[in-house]
Amino acid sequence: NAGVTQTPKFQVLKTGQSMTLQCAQDMNHNSMYWYRQDPGMGLRLIYYSASEGTTDKGEVPNGYNVSRLNKREFSLRLESAAPSQTSVYFCASSEPPSGGPDTQYFGPGTRLTVL
Amino acid sequence: GNSVTQMEGPVTLSEEAFLTINCTYTATGYPSLFWYVQYPGEGLQLLLKATKADDKGSNKGFEATYRKETTSFHLEKGSVQVSDSAVYFCALSDRSGAQKLVFGQGTRLTINP
């Protein structure tokens, strides 16, 4: 199993350009998440999808949109990139057991620079 | 809202030293608590977890105990190795449907031989 895969690994954009970050998981998980990681701030949740067909905002959704294409794939789109979106982006997935703790499995990340 | 606070880093230790990384949390209800580790150039991976008060999570020589009375989940290891050099994140998960994680800011640990 590949687990959680993300493409691309690196990307440089100019202010105002758009792009889509791709994420796929092969663990048959229901829930998927997008985080951004900035120095000294840990990871912050951008959007999540509790199950196929649903998406919800997290802590920092402004400037982003998401699509849960199917159970495997969850993409993150930047419509008009800004320098404040320079960050490392992580996708994660999980299969929350009923009433139990939720282990999330993370992809390797996408390092995005907006000039 | 829920929040997690970790001790400031970076932390530098010699091999075989004792490690403690402090973590405290604020949450309503009874969250689950986690430690994740990020090795250089990689994504995060689960190190250990605990689901209720007084539970002890353990893995690879690391331990953490869920202390409800002090709202803490400190990470400890008796004898660190160079290979433990990484960034460590404390996190909590509420028990709502999607069980979203709230992370601390991370603590960078460097172990010198």
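Bear in mind the structure is a predicted one, so any value in this text is a computation, not a measurement. (Residues numbered from 1 in each chain as written. Chains lettered and ligands numbered in written order. Predicted model: local features only at pLDDT ≥ 70, side-chain atom pairs only at ≥ 80, totals over all residues. Heavy atoms only, no water.)

1. Some details on the pairing of strand S6 (residues 44-50) of chain B
Residues and elements named next belong to chain B.
Thought 1: As paired elements, strand S5 (residues 32-38) and S6 share six bridges and run antiparallel to each other. Looking at the pairing, Phe34 lines up with Lys49 of S6.
Thought 2: Hairpin connection between S5 and S6: a loop of five residues separates the two successive antiparallel strands, and Gly41 in this loop has a positive phi of roughly 75°. (Pairing = 2+ DSSP bridges. Helix = DSSP H or I, 4+ residues; strand = E, 2+ residues; numbered from the N terminus.)

2. Focus on the side chain of Gln85(A)
All names here are of chain A.
Thought 1: Structurally, Gln85 can be placed in the loop between strand S8 (74-78) and strand S9 (87-94).
Thought 2: A relative accessible area of 4% means that Gln85 is categorised as buried.
Thought 3: Setting aside chain neighbours within four positions, we find Gln85 in contact with Arg36, Asn62, Gly63, Tyr64, Leu78, Ser80, Leu112 and Val114. (Buried < 20%, exposed > 50% of the residue type's maximum accessible area, 1.4 Å probe, protein only. Contact = heavy atoms within 4.5 Å.)

3. A look at the interface of chain B and chain A
Thought 1: Between chain B and chain A, the residue contacts involve 22 residues of the former and 22 residues of the latter.
Thought 2: Across the chain B/chain A interface, buried area totals approximately 1600 Å², and carbon plus sulfur atoms make up 57% of it.
Thought 3: Joining chain B to chain A, the criterion identifies four residue pairs in polar contact (both at pLDDT 80 or more).
Thought 4: Mapped by element, the contributors of at least two residues to the side of chain B that touches chain A are S5, S6, strand S10 (86-93) and strand S11 (101-103) of chain B.
Thought 5: At four residues, the largest contribution of residues to the side of chain B that touches chain A is made by S5(B).
Thought 6: Taken together, the residues of the side of chain B that touches chain A break down into eight nonpolar, ten polar and four charged. (Buried area = accessible area lost by both parts, 1.4 Å probe. Polar contact = N/O pair within 3.5 Å; in protein donor to acceptor, adjacent residues only side chain to side chain. Nonpolar A, V, L, I, M, F, W, Y, C, P; charged D, E, K, R; others polar.)

4. A closer look at the state of the cysteines
Thought 1: Under the criterion given, the structure shown has two disulfides over all chains.
Thought 2: Each disulfide pairs two cysteine sulfurs, and for Cys23(A) the partner residue is Cys91(A), the sulfurs being separated by 1.8 Å. Residues Cys23(A) and Cys91(A) are joined through a disulfide that is left-handed, its torsion about the S-S bond being -75°. Linking Cys23(A) in strand S3 (residues 19-25) with Cys91(A) in strand S9, this pair joins segments that are 68 residues apart in sequence. In this structure, Cys23(A) and Cys91(A) share a single accessibility class: buried.
Thought 3: The side chain of Cys23(B) participates in a disulfide bridge whose partner is Cys90(B); the two sulfur atoms lie 2.0 Å from each other. Every disulfide takes its handedness from the sign of the S-S torsion; for Cys23(B) and Cys90(B) that torsion is -70°, giving left-handed. Of this pair, Cys23(B) sits in strand S4 (residues 23-26) while Cys90(B) sits in strand S10; the two residues are 67 residues apart in sequence, bridging distant segments of the chain. Each of the two residues, Cys23(B) as well as Cys90(B), counts as buried. (Disulfide = S-S within 2.5 Å.)

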